[in-house]
Amino acid sequence: TEINVAAPIFVSVATKCGLNSTWQENSPTAIGQRQLIDNKEIFLGADTDALLADVDRRSDQCHFSESGQIKTASSYAQAIIKEMRK
């Protein structure tokens, strides 16, 4: 804002990682990421925990495969388009 730039911020909920992890949908990290979203200045870009299937992640079940990257990018694009139409 020092240079008079105002732009929405888009965040991800992205906590799922690992083959034998003890991942939980409502982990403190995921809750914190969701709490950032106020739908005024900060919006959800992608909830990759919910959006991606196992096939959308590489064999380590952490990093995104090509399909995971495409789904995440598409989710961000849709969120940006939705916000820009307001």
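Report on the accompanying structure. (Residues numbered from 1 in each chain as written. Predicted model: local features only at pLDDT ≥ 70, side-chain atom pairs only at ≥ 80, totals over all residues. Heavy atoms only, no water.)

**Focus: the overall build of the protein chain**
Looking only at helices and strands, the protein chain features three helices and two strands. Along the protein chain, helices (α) and strands (β) appear in the sequence β-α-β-α-α when read from the amino end. With respect to the three principal axes, the spread of C-alpha positions in the protein chain is 45 × 25 × 20 Å. Going through the 86 residues of the protein chain one by one, you find that 28% of them count as buried. Within the protein chain, contacts between residues separated by at least 24 positions form 57% of all contacts whose residues are at least 6 apart in sequence. In the form shown here, the protein chain has an accessible surface area of approximately 6,300 Å², with 54% of it arising from carbon and sulfur atoms. In the protein chain, 9 positive and 11 negative side-chain charges are present, and the distance between their average locations comes to 5 Å. (Helix = DSSP H or I, 4+ residues; strand = E, 2+ residues; numbered from the N terminus. Buried < 20%, exposed > 50% of the residue type's maximum accessible area, 1.4 Å probe, protein only. Contact = heavy atoms within 4.5 Å. Areas by Shrake-Rupley, 256 points an atom, 1.4 Å probe, with all protein chains shown as cover. Lys, Arg positive; Asp, Glu negative; His and termini not counted. Charge placed at Lys NZ, Arg CZ, Asp CG, Glu CD.)

**Brief notes about the state of the cysteines**
Defined simply, a disulfide is a covalent bond joining two cysteines at their sulfur atoms. Going through the model one piece at a time under the given rule, you end up with one disulfide. Each disulfide pairs two cysteine sulfurs, and for C17 the partner residue is C62, the sulfurs being separated by 1.8 Å. Handedness here is read from the sign of the S-S torsion; for C17 and C62, about -100 degrees, the answer is left-handed. Linking C17 in the loop between β1 (9–13) and α1 (28–36) with C62 in the loop between α2 (48–51) and α3 (66–84), this pair joins segments that are 45 residues apart in sequence. (Disulfide = S-S within 2.5 Å.)

**Some thoughts on α3**
Counted at 1.5 Å a residue, the expected span for α3 with its 19 residues is 27 Å, and the 27 Å between its end C-alpha atoms agrees. Considered for burial, the residues of α3 that qualify are G68, T72, A79 and E83. All buried residues of α3 project into a common sector of 35 degrees when viewed along the axis, lining one side. More than 90 degrees from the buried face of α3, the exposed residues found are E66, I70, Q78 and M84. Where α3 is buried, its residues meet β1, β2 (42–47) and α2. (Expected span 1.5 Å × (residues − 1). Arc of directions from axis to C-beta.)

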